Amino acid sequence: MLKLYSFGPAANSLKPMLTLSEKMEYDRDFTVHRLDPTNFEHHQDWFKAINPRGQVPALEDQGRIVTESTVICEYLEDAHPTEVKLRPDDHFDRAQMRVWTKWVDEYFCWCVSTIGWHRGIKPIAQKLSDAEFEEHLKKIPIPEQQVKWRRAREGFPQDLLDEEMRKIAVSVRRLDDHLADNEWLAGGMYTLADICNYAIAGGMQFGFAEMVNADDTPHLLRWIEQIAARPAVQRMYATVPLEKLGTRD
Ligand SMILES: N[C@@H](CCC(=O)N[C@@H](CS)C(=O)NCC(=O)O)C(=O)O
């Protein structure tokens, strides 16, 4: 059985969770092990033995570990083909799909992440004493992530936050413009491009309501609702019970 290590159904963890749910059945073909980021579980030695970068998601398949959320999704398509296809067969369409997954990984995800850290990680980091914080930093394997934690705790500079919000507005516009003329992002079908972008954009009608709303981005909103209504997406939220996610097995 496949095992996915994740923080639960959000951001990068959501990409393989959505992919798995489209293709397979929870508890029969795959399980999900949820790590608690507020306890810094992902920086504990047992998890760094699984992913030395101390980040989720990570997929365990017969004792081997695949990391990087978008790579995991592609791996599932390659190594575990099912009747559900999440990539177009046509080479041009597949290339377009990968333009969208590359864009979300290299651009869209990062600006949303900084604002997410500003809103969510800063209060967690500020609750720690200076000594606790420094002790914790030593356990973080990626130097850039150490810097990010430090900056989140001190407070990101306002000009950086403004720039990230500008990039989010550009991203939202790009998605809405494309979705005005296209039901899906690539190849006329639901693909990994939709899954990987939905993992970041899916909740923005709540967290970034001033940008993602019925007046300004009707097509993006339509696409979000269309994905949220998919049986596999609903099944994922209903059948991957939260209490099970907390246990190590
Ligand atoms: N490029 C990686 C990024 C993974 C990543 O940033 N994961 C986040 C959760 S969405 C994480 O583990 N953050 C904790 C940390 O870096 O301390 C991927 O796409 O899988």
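Residues numbered from 1 in each chain as written. Predicted model: local features only at pLDDT ≥ 70, side-chain atom pairs only at ≥ 80, totals over all residues.

## Focus on the overall build of the protein
Worth spelling out the cut-off: Helix and strand definitions here come from DSSP, where helices need a minimum of 4 consecutive H or I residues and strands a minimum of 2 consecutive E residues; each element is numbered from the N-terminal end. Here the globule rule reads 2.2 Å times residues to the power 0.38, and the radius of gyration is calculated from C-alpha atoms. Exposed residues have 12 or fewer other C-beta atoms within 10 Å of their own C-beta, buried residues have 20 or more, and residues in between are partly exposed; the C-beta atoms are placed from the backbone. Each residue gets a C-beta atom placed from its backbone, and two residues are in contact if those atoms lie within 7 Å.
Helix and strand counts for the protein stand at twelve helices and four strands. On C-alpha atoms alone, the protein measures out to a radius of gyration of 18 Å, which is about the 18 Å that the 2.2 N^0.38 rule sets for 249 residues. Principal axes of the C-alpha set define a box for the protein whose edges measure 55 × 45 × 30 Å. In the protein, buried positions account for 33% of the 249 residues. Partitioning the intrachain contacts of the protein with sequence separation of at least 6 by distance along the chain shows that 71% fall at a separation of at least 24.

## Things to note about the packing of helix α1 (residues 11-23) against helix α8 (residues 192-201)
The criterion, for reference: What counts as an axis is a line fitted to C-alpha atoms, over the stretch in contact for a helix, and the angles between N-to-C directions run from 0 to 180 degrees. The handedness criterion is simple: a crossing whose near helix is rotated anticlockwise from the far helix by less than a right angle is left-handed, and one whose near helix is rotated clockwise is right-handed. For this classification, the nonpolar set comprises Ala, Val, Leu, Ile, Met, Phe, Trp, Tyr, Cys and Pro, the charged set comprises Asp, Glu, Lys and Arg, and every other residue, Gly included, is treated as polar.
At a minimum axis separation of 8 Å, α1 and α8 run at an interaxial angle of 145 degrees. Remark: the crossing between α1 and α8 carries right-handed chirality. Residues Ala11, Asn12, Leu14, Lys15, Leu18 and Thr19 of α1 lie in contact with α8, whose contacting residues are Leu192, Ile195, Cys196, Ala199 and Ile200. Split into classes, the residues belonging to the contact of α1 with α8 amount to eight nonpolar, two polar and one charged.

## Brief notes about the site of the ligand
Rule in force here: Being near a molecule or strand means, for a residue, that its backbone-placed C-beta atom lies within 6 Å of it.
Taken together, Phe7, Ala11, Asn12, Ser13, His42, Gln55, Val56, Pro57, Glu68, Ser69, Thr70 and Gln145 form the complete shell of residues around the ligand. Put simply, the parts of the chain that give the shell around the ligand at least two residues each are α1 and α3 (69-79).

## A word on the nonpolar core
Inclusion rule: Put simply, a nonpolar core is a cluster of buried Ala, Val, Leu, Ile, Met, Phe, Trp, Tyr and Cys residues tied together by C-beta atoms within 7 Å. Segmentation into domains, and thus their bounds, comes from an automatic or database assignment.
Ranked by size, the top nonpolar core spans 49 residues in total, and within it Ile195, Ala199, Ile200 and Leu220 carry the most contacts. Sort the elements by how many residues they give to this core and α8 lands first, with eight residues. For this core, the two domains that each supply at least three residues are domain 1 (2-84 + 233-243) and domain 2 (91-230). Other than its neighbours up to four places away in sequence, Leu220 contacts Val172, Leu175, Asp176, Leu179, Ala201 and Val212.

## Some points on the environment of Leu4
For Leu4, the position within the fold is in strand β1 (residues 2-6). Linking Leu4 and His42, residues 38 residues apart in sequence, is a C-alpha distance of 13 Å. Residue contacts for Leu4: discarding those within four places in its chain leaves Pro16, Met17, Leu20, Phe30, Val32, His33, Pro57 and Leu59.

## What to know about the packing of helix α7 (residues 158-181) against helix α10 (residues 218-228)
Put simply, the rule is: Roughly parallel here means an angle under 35 degrees, roughly antiparallel means over 145, roughly perpendicular means 65 to 115, and every remaining angle is called oblique.
Remark: α7 packs on α10, axes separated minimally by 7 Å, with the N-to-C direction vectors making an angle of 80 degrees. With respect to α10, the axis of α7 lies roughly perpendicular. Contacts between α7 and α10 pair Val172, Leu175, Asp176, Leu179 and Ala180 from the former with His219, Leu220 and Trp223 from the latter. Residues that form the contact of α7 with α10 fall into these classes: six nonpolar, one polar and one charged.

## Notes on the domain arrangement of the protein
On domain assignment, one finds that the protein holds domain 1 (2-84 + 233-243) and domain 2 (91-230). Listed by partner, the interface residues are 18 residues for domain 1 and 16 residues for domain 2. Per element, the largest residue contribution to the side of domain 1 that touches domain 2 is six residues, and it comes from α1. When grouped by side-chain class, the residues that make up the side of domain 1 that touches domain 2 number seven nonpolar, seven polar and four charged.

## Some words on the confidence of the model for the protein
Counted only if it meets this: One confidence number per residue, pLDDT, is output by the predictor and ranges from 0 to 100.
When the pLDDT values of the protein are averaged, the result is 94; 96% of them are 70 or greater. In this model residues 243-249 is a low-confidence stretch, pLDDT under 50, and it forms seven contacts with partners more than four residues away in sequence or in other chains.

## Considerations on the pairing of strand β3 (residues 58-61)
Stated formally: Two strands form a pair only when DSSP identifies at least two bridges running between them.
Bridge count for β1 against β3 is three bridges, and the pairing is antiparallel. Note on β3: the bridge partner recorded for Leu4 is Leu59. Pairing of β3 with strand β4 (residues 64-67) involves four bridges; the strand directions are antiparallel. Following the sheet pairing, Glu60 is matched in β4 by Ile65. The hairpin formed by β3 and β4 contains two residues between the paired strands, and Gln62 there has a positive phi angle of roughly 50 degrees.

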